[in-house]
Number of protein chains: 2
Amino acid sequence: MTDDYVEIARQGRLASALHTAGYKLTGPRLAVLYVLEMELCHASPQEVYERGVAIYPALGLSTVYRTLDILTELGLARPAYLGDASQRFTVHHDQRHYHLVCDACGAITDVDEDRITELACSLAAGLGFKPRGQYLEIYGLCQHCQAQPARPPVN
Amino acid sequence: MTDDYVEIARQGRLASALHTAGYKLTGPRLAVLYVLEMELCHASPQEVYERGVAIYPALGLSTVYRTLDILTELGLARPAYLGDASQRFTVHHDQRHYHLVCDACGAITDVDEDRITELACSLAAGLGFKPRGQYLEIYGLCQHCQAQPARPPVN
DNA sequence: CCGGTAATTGAAATTCTTTCTCAGCTAGAA
DNA sequence: TTCTAGCTGAGAAAGAATTTCAATTACCGG
Ligand SMILES: [Zn+2]
Ligand SMILES: [Zn+2]
Ligand SMILES: [Zn+2]
Ligand SMILES: [Zn+2]
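Residues numbered from 1 in each chain as written. Chains lettered and ligands numbered in written order. Predicted model: local features only at pLDDT ≥ 70, side-chain atom pairs only at ≥ 80, totals over all residues. Heavy atoms only, no water.

A. Geometry of the domain arrangement of chain A. Residue and element names in this part refer to chain A. Domain assignment breaks chain A into domain 1 (3–81) and domain 2 (94–146). Its C-alpha centre places domain 1 at a distance of 24 Å from the equivalent point of domain 2. Each partner contributes to the interface: domain 1 provides 4 residues, whereas domain 2 provides 8 residues. For the pair domain 1 and domain 2, the summed buried surface comes to about 550 Å²; carbon and sulfur atoms form 40% of the total. Area buried by domain 1 at its contact with domain 2 is led by His42, Arg78 and Tyr81, which between them contribute 79% of it. At the junction of domain 1 and domain 2, the tally comes to 1 salt bridge. A salt bridge links Arg78 to Glu137, with the nearest nitrogen and oxygen atoms 2.9 Å apart. Classifying every residue of the side of domain 1 that touches domain 2 by side-chain character gives 1 nonpolar, 1 polar and 2 charged. (Domains from an automatic or database assignment. Contact = heavy atoms within 4.5 Å. Buried area = accessible area lost by both parts, 1.4 Å probe. Salt bridge = Lys/Arg side-chain N within 4 Å of Asp/Glu carboxyl O. Nonpolar A, V, L, I, M, F, W, Y, C, P; charged D, E, K, R; others polar.)

B. The interface of chain B and chain A, seen in detail. Taken together, the contact pairs 35 residues of chain B with 35 residues of chain A. Carbon and sulfur atoms supply 68% of the area that chain B and chain A bury against each other, a total of about 3400 Å² over both sides. The largest share of the area that chain B buries against chain A comes from Tyr81, Leu119 and Phe129 of chain B, three residues that together contribute 19% of it. Across the contact surface, chain B and chain A share 2 salt bridges. For the salt bridge of Arg132 of chain B with Asp103 of chain A, the shortest nitrogen-to-oxygen distance reads 2.5 Å. For the side of chain B that touches chain A, the secondary-structure elements that each account for two or more residues are strand S2 (77–80), strand S4 (96–102), helix H6 (114–126), strand S6 (130–141) and helix H7 (143–147) of chain B. It is S6 of chain B that contributes the most residues to the side of chain B that touches chain A, 12 residues altogether. Within the side of chain B that touches chain A, the residues separate by chemical class into 22 nonpolar, 6 polar and 7 charged. (Helix = DSSP H or I, 4+ residues; strand = E, 2+ residues; numbered from the N terminus.)

C. Up close: the packing of helix H6 (residues 114–126) of chain A against H6 of chain B. Contact geometry for H6 of chain A and H6 of chain B: axes closest at 10 Å, N-to-C directions at 170°. With respect to H6 of chain B, the element H6 of chain A is oriented roughly antiparallel. The residues of H6 of chain B that touch H6 of chain A, namely those facing Arg115, Ile116, Leu119 and Leu123 of chain A, are Arg115, Ile116, Leu119 and Leu123 of chain B. Looking at the contact of H6 of chain A with H6 of chain B residue by residue, the classes come out as 6 nonpolar, no polar and 2 charged. (Axes fitted to C-alpha atoms, helices over the stretch in contact; angles between N-to-C directions. Parallel < 35°, antiparallel > 145°, perpendicular 65-115°, else oblique.)

D. Summary view of the sheet that holds strand S4 (residues 96–102) of chain A. Taken in spatial order, the 6 strands line up as S5(A)-S4(A)-S6(A)-S6(B)-S4(B)-S5(B) in an open sheet, and their pairing is mixed. Every other strand in the sheet has two partners, leaving strand S5 (108–111) of chain A together with strand S5 (108–111) of chain B as the edge strands with one partner each. Each strand of the sheet is rotated relative to its neighbour by a mean of 20°, with strand direction disregarded. As judged from the 7 bridges shared by S4 of chain A and strand S6 (residues 130–141) of chain A, these two strands associate in the parallel manner. In the strand pairing of S6 of chain A, His97 of chain A is matched with Tyr135 of chain A. Seen against the sheet, H6 of chain A touches S4 and S6 of chain A together with S4, S5 and S6 of chain B and runs at an angle of roughly 130° to S6 of chain A. Here H6 of chain B sits on the sheet in contact with S4, S5 and S6 of chain A together with S4 and S6 of chain B, set at roughly 130° to S6 of chain B. (Pairing = 2+ DSSP bridges.)

E. Broad picture of the sheet that holds strand S1 (residues 42–43) of chain A. Ordered in space as S1-S3-S2 (chain A), the 3 strands form an open sheet in which the pairing is antiparallel. A single partner strand is all that each edge strand has here, and the edge strands are S1 and strand S2 (77–80) of chain A.

F. Structural context of the coordination of the zinc ion (ligand 4). Residues and elements named next belong to chain B. Every protein donor of the zinc ion (ligand 4) is accounted for by His42 (NE2), His97 (NE2), His99 (NE2) and Asp110 (OD), and the metal-donor separations fall at 1.9 to 2.1 Å. Read from N- to C-terminus, the donor residues coordinating the zinc ion (ligand 4) fall into the pattern H-x54-H-x1-H-x10-D. Pair noted here: His42 is in strand S1 (residues 42–43) and Asp110 is in strand S5, with a separation of 68 residues, a long-range link. His42 gets classed as buried once you look at its relative accessible area, which sits at 16%. (Donors = N, O, S within 2.8 Å, 3.2 Å for Na, K, Ca; no water. Buried < 20%, exposed > 50% of the residue type's maximum accessible area, 1.4 Å probe, protein only.)

G. Here's a closer look at the protein's contact with DNA strand C. Taken together, 22 residues surround DNA strand C, and among them Tyr65 and Gln87 of chain A together with Thr26, Thr63 and Arg66 of chain B come closest. Close to the protein, within 4 Å, the atoms of DNA strand C are drawn from sugar and phosphate at a rate of 67%. Side-chain polar atom of Lys24 of chain A to a base nitrogen of DNA strand C: 3.2 Å apart, as the coordinates give it. Side-chain polar atom of Arg29 of chain B to a phosphate oxygen of DNA strand C: 2.9 Å apart, as the coordinates give it. Looking at the surface near DNA strand C, the elements that each hand over two or more residues are helix H5 (61–73) of chain A together with helix H3 (27–39) and helix H5 (61–73) of chain B. A per-element tally of the surface near DNA strand C places H5 of chain A first, with 4 residues. (Near = heavy atom within 4 Å. Polar contact = N/O pair within 3.5 Å; in protein donor to acceptor, adjacent residues only side chain to side chain.)

Written out as structure tokens, the structure is:
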């Protein structure tokens, strides 16, 4: 029923990583993981909290922050500024993660491109730097906003 | 004497851009520009403020924020999270800007690499995205910290 | 060189975000 | 079922960023 999220989240990639690392899979935590995995992959703690409360009403904001911290520590999320230049966003990641961020509507498109990965790695190696993860953000106008003369389609 | 900063800052790239855009070149503002241009290219507003006060004692923190906002608006700086995952950093930029960020000591190394630029542009173009600027962050361990077993050399 | 004026300023208040503390609760191993 | 280390939410606190406002100032035009 309304608790479906527990089973779904429990089977997810994030939950399994937390479990492997020795963290308990509690209700509040699973709600946060569910939100991150099924609803928002690019979100501020506040947004995660708002969605999470809808799923698990007793959820506290502290738990959202704590869970995001754990995910970051495990390399499953990272803090980033995407566009709005002020809110703290945390996003899923896989050691490498490339974004197209629209200046006009804020839309974020994930891109996967091995060539960038290779190039970045060889570049780092050439400078004696041992890379752990890499993130590229390309800002500009999405296809939709290039046509539109004016403002945001969403929000 | 102690006012050298005014002339130096006034002749800088940032001041000239602000002037062109119609902003006044005031003492406090020039102090901030001086700091950004001559002392810190990757800094938090707080750090900019601290250095700025040394140059222009009456400087207010609000002015630092306001100046950083203007620079961002003009595309001369950008907000970013680099490493510490919590402080707001603003950095200079030139439409493209690539960083090596050390997980251990926090050192930030600028890298310029045309191949990345080309690759990113062609990638974006292929997806109908019109790029304006691009930023790559590679996290990992700098040469120094690969050797060291433990903690930060700086700070 | 000298006003006049709109832009800019710092301080303080305010708001927003993040972290900390702590007493009670709970997942999960045994 | 029991036990306990780990986890929880609430509220307090700390930190960052923004807003407000009366006083000041850059700089254009005269
Ligand atoms: Zn768009
Ligand atoms: Zn993404
Ligand atoms: Zn280092
Ligand atoms: Zn840089």
